[in-house]
Amino acid sequence: MTRDLDQAIFVAGHRGMVGSAIVRRLEALGYRNILTASRDELDLTNQNQVQAFFEHHSVDQVYLAAAKVGGIQANSIYPAEFIYQNLMIEANLIHSAHQAGVNKLLFLGSSCIYPKLAKQPMQEEALLTGSLEPTNEPYAVAKIAGIKLCESYNRQYGRDYRSVMPTNLYGPNDNFHPENSHVIPALLRRFHEAKLNGASEVSVWGSGEPMREFLHVDDMAAASVHVMELDSAIYEANTSSMLSHINVGSGKDCTIRELAETVKRVTGFEGNVTFDASKPDGAPRKLMDVSRLRALGWQSSITLEDGLADAFRWFLENQDRSRG
């Protein structure tokens, strides 16, 4: 394909893990006109500010990677903030982009949009077929609304607004906070600190048997740009007007035990890994069906061990800013 490297591309959420990876990917491809705005410069929950941004800048494409995110604890304590802020961000950006005549937009969602008891691996068709996981239902509802916003503007106004749903992501700019980070940054930090402290073992929650899928954020960024750049006829042939989102994942999963052993190798911890079966395991398996994305010509290329090594390098180089 021929790329117009001078197109103005607005990456919303460029300081987050996903947004920063998309910026890196676009720059690597040679795009020269990437627009960003910090929270101090642009409050995405403020409709007037977002409209003014689009009026002031001539934008050709939007990557909507901005979101309020957090773990189970944060979702449980602040459900109103999670649903309100995410609904406002996506509604303001999608509507203002439409009003400004922006025809291309990519919305980034989450695998939590699927029902709690969705058949594994989870297919795009599972959306809205059952009840959501209660702990993050407000966030998931907001992400589902984002998909439906895109589809509705496509149906009514002929826009080309697309959606991708990533599996569990990790990598540079992840949150390594000791209390509220996700499993990979939490384990990388704990194994590293155990090594520094000369600990004889690291105990991991649960039995170690549940299976999870992980994707390095640079793979996610590459997939996002790939989907955005697909010819409209190809994208539409592989989706439908009311089922337009595409799963993004590695298509492979591993047990939490295998993950912990890999983190142990990457961090150089030489003690034992134990598992506390009195702690909850969560769902036995969460895997995305990525056959639609593979049919569209993309699959992941970063192995789990290589990706973990990259995330660990970033953590070591940025410990001060990753303490939360």
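Residues numbered from 1 in each chain as written. Predicted model: local features only at pLDDT ≥ 70, side-chain atom pairs only at ≥ 80, totals over all residues. Heavy atoms only, no water.

Asker: In this structure, what is going on with the pairing of strand 12 (residues 272-276)? I would like to understand it.
Answerer: The two faces of a sheet get side chains in turn, since along a regular strand they alternate between them. Residue alternation in strand 12 divides its side chains into a buried set, Val273 and Phe275, and an unburied set, Asn272, Thr274 and Asp276. Note that strand 7 (residues 201-205) and strand 12 share 5 bridges and pair parallel. Following the sheet pairing, Val204 is matched in strand 12 by Phe275. (Buried < 20%, exposed > 50% of the residue type's maximum accessible area, 1.4 Å probe, protein only. Helix = DSSP H or I, 4+ residues; strand = E, 2+ residues; numbered from the N terminus. Pairing = 2+ DSSP bridges.)

Asker: Got a minute to help me understand the sheet that holds strand 11 (residues 254-255) in this structure?
Answerer: Hydrogen bonds between backbone atoms are what pair the strands of a sheet, whose relative direction is either parallel or antiparallel. The 3 strands lie next to each other as 11-8-13, forming an open sheet whose pairing is mixed. The outermost strands of the open sheet, each flanked by one partner alone, are strand 11 and strand 13 (285-286). When strand 8 (residues 211-212) meets strand 13, the two strands line up parallel, connected through 2 bridges. Bridge assignment links Met211 to a residue of strand 13, and that residue is Arg285.

Asker: Mind showing me how you'd approach the pattern of salt bridges here?
Answerer: Throughout the structure, instances matching the rule amount to 13 salt bridges. For the salt bridge of Arg24 with Asp218, the shortest nitrogen-to-oxygen distance reads 2.6 Å. One end of the pair, Arg24, is in helix 1 (residues 17-28); the other, Asp218, is in helix 7 (residues 217-229), and 194 residues separate them in sequence. We classify Arg24 as partly exposed; its relative accessible area is 31%. Between Arg285 and Asp253 there is a salt bridge, with the nearest N and O atoms lying 2.7 Å from each other. (Salt bridge = Lys/Arg side-chain N within 4 Å of Asp/Glu carboxyl O.)

Asker: Can you walk me through helix 5 (residues 137-157) in this structure?
Answerer: In an α-helix there are 3.6 residues to a turn, and that puts residues three or four apart on one side. Look at helix 5: 30 Å from first C-alpha to last across 21 residues, which is about the 30 Å you get at 1.5 Å a residue. Inspection of helix 5 places Pro138, Tyr139, Ala140, Ala142, Lys143, Ile144, Gly146, Ile147, Cys150, Glu151 and Tyr153 among the buried residues, and these make up the whole buried set. Buried residues along helix 5 sit in contact with helix 3 (72-77), helix 4 (79-99), strand 4 (104-108) and strand 5 (160-166). Following helix 5 by one or two positions, Gly158 adopts a phi angle in the positive range, close to 70°. (Expected span 1.5 Å × (residues − 1). Contact = heavy atoms within 4.5 Å.)

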